[in-house]
Amino acid sequence: MELYTPYTQLIPSLVDPLQPHRVVDSQLPREQAGFRRGRSTADQVTLLCQDIEDSFQDNEKAGVVYLDLTAAYDTVWHRGLHLKLLRTIPDRHILKFIMETLSNRSFILHTSSGQCSRLRRLKNGVPQGSVLSPMLFNVYIHDLPDTASRKYGYADDLAIMLSRPTWKAMEEGLNEDMGTLVAYLRRWHLQLSVGKSVAAAYYLSTREARRELEVRVDNKCLEVQQAPKYLGVCLDRTLSFKQKKKS
């Protein structure tokens, strides 16, 4: 007769430390490929290119917005992350441990003149370089709202693509989806960098080669690039892969 309950029954995750990761991974959307087993940046680039090529076959124009988040990992809202982890990880022991590691972080600023600030406690962000941070960030944005545009994500490298027969329909759809995404980001204390986010159009017609896509965020037009880089690959208007991105 056992007089005590083995700790392995109280905290099963100590026996299988990957158990929470498996639970989380099964709940992440397919469009998020960042730091997931069997997924890579090549998958996302290939998927985006295939969808653009499909739009060419359908005689449509494809518009893509490449979103840039300002200090994405450093601005993760702890209370919001806690709420999403409660919905994702069933093991409360692991959840408590994760939140303890995030809440007990502090820093002191030292200047070159020898002065230093008082101790300050971090209320946001996940630690850079931690093996848990990519998973935590994936959980934090796993509930991105539905959009007409298809989404492509590798951690905080996000892109959306919409193909339509006309420029007007494409621009209207992208602007509506960007409004939805920006509202979501603000709700969860993430910030879109309007100055670094870019838009690009993909089509085969040379008659419209000078036409520029107009996508606005807060009444500001996003920069339009002819060959933006996504996950290290320059994607020009016709996907010829011959045009190099200007430095």
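- Per an unreviewed UniProt entry, the protein chain goes by Reverse transcriptase domain-containing protein and derives from Muraenolepis orangiensis.

1. Considering unusual backbone geometry
Next, step 1: For Phe35, which is not glycine, the phi dihedral falls at a positive 55 degrees.
Next, step 2: Tracing the backbone shows Phe35 in the loop between α2 (19–25) and α3 (41–57).
Next, step 3: Residue Phe35 is classed as partly exposed on the basis of its relative accessible area, which comes to 47%.

2. Remarks on the sheet that holds strand β6 (residues 198–202)
Next, step 1: Spatially, five strands are ordered β4-β5-β1-β6-β9 in an open sheet, and the strand pairing comes out mixed. Looking at which strands have only one partner, the edges of the open sheet turn out to be β4 (150–154) and β9 (223–224).
Next, step 2: Relative to β6, strand β1 (residues 61–67) is paired through five bridges, and the arrangement is antiparallel. Paired with Val64 across the two strands is Ala200, which belongs to β6.

3. Some points on the packing of helix α4 (residues 78–88) against helix α6 (residues 133–140)
Next, step 1: As a packed pair, α4 and α6 sit with axes 9 Å apart at the nearest point and diverge in direction by 85 degrees. With respect to their mutual orientation, α4 and α6 come out roughly perpendicular. Along the contact surface, α4 presents Gly80, Leu81, Lys84, Leu85 and Thr88, while α6 presents Leu136, Val139 and Tyr140.

4. Regarding empty space enclosed by the protein
Next, step 1: Counting across every chain of the model gives one cavity of 30 Å³ or more.
Next, step 2: Space inside the largest cavity adds up to approximately 70 Å³.
Next, step 3: Every residue along the wall of the largest cavity is listed here: Ala200, Ala201, Tyr203, Ala209, Arg211, Glu212, Leu213, Val224, Gln225, Gln226 and Arg237.
Next, step 4: Residues belonging to the lining of the largest cavity are distributed by class as follows: six nonpolar, two polar and three charged.

5. Some details on the pairing of strand β5 (residues 157–164)
Next, step 1: Most of β5 sits out of view: six of its eight residues are buried.
Next, step 2: The pairing of β1 with β5 spans seven bridges and is classified as antiparallel. Bridge assignment links Leu67 to a residue of β5, and that residue is Leu158.
Next, step 3: Where β4 and β5 come together, five bridges link them in antiparallel fashion. Residue pairing across strands places Tyr152 opposite Ala159, the latter belonging to β5.
Next, step 4: Linking two consecutive strands that pair antiparallel, namely β4 and β5, is a turn of two residues; a positive phi of about 60 degrees is found at Ala155 within it.

How each quantity is defined
Residues numbered from 1 in each chain as written. Predicted model: local features only at pLDDT ≥ 70, side-chain atom pairs only at ≥ 80, totals over all residues. Heavy atoms only, no water. Helix = DSSP H or I, 4+ residues; strand = E, 2+ residues; numbered from the N terminus. Buried < 20%, exposed > 50% of the residue type's maximum accessible area, 1.4 Å probe, protein only. Pairing = 2+ DSSP bridges. Axes fitted to C-alpha atoms, helices over the stretch in contact; angles between N-to-C directions. Parallel < 35°, antiparallel > 145°, perpendicular 65-115°, else oblique. Contact = heavy atoms within 4.5 Å. 1 Å grid on protein atoms, 1.4 Å probe; cavity = no way out; pocket = protein on both sides within 12 Å on 5 of 7 lines; lining within 4 Å. Points joined across faces, edges and corners; volume = space filled by probe spheres on them. Nonpolar A, V, L, I, M, F, W, Y, C, P; charged D, E, K, R; others polar.

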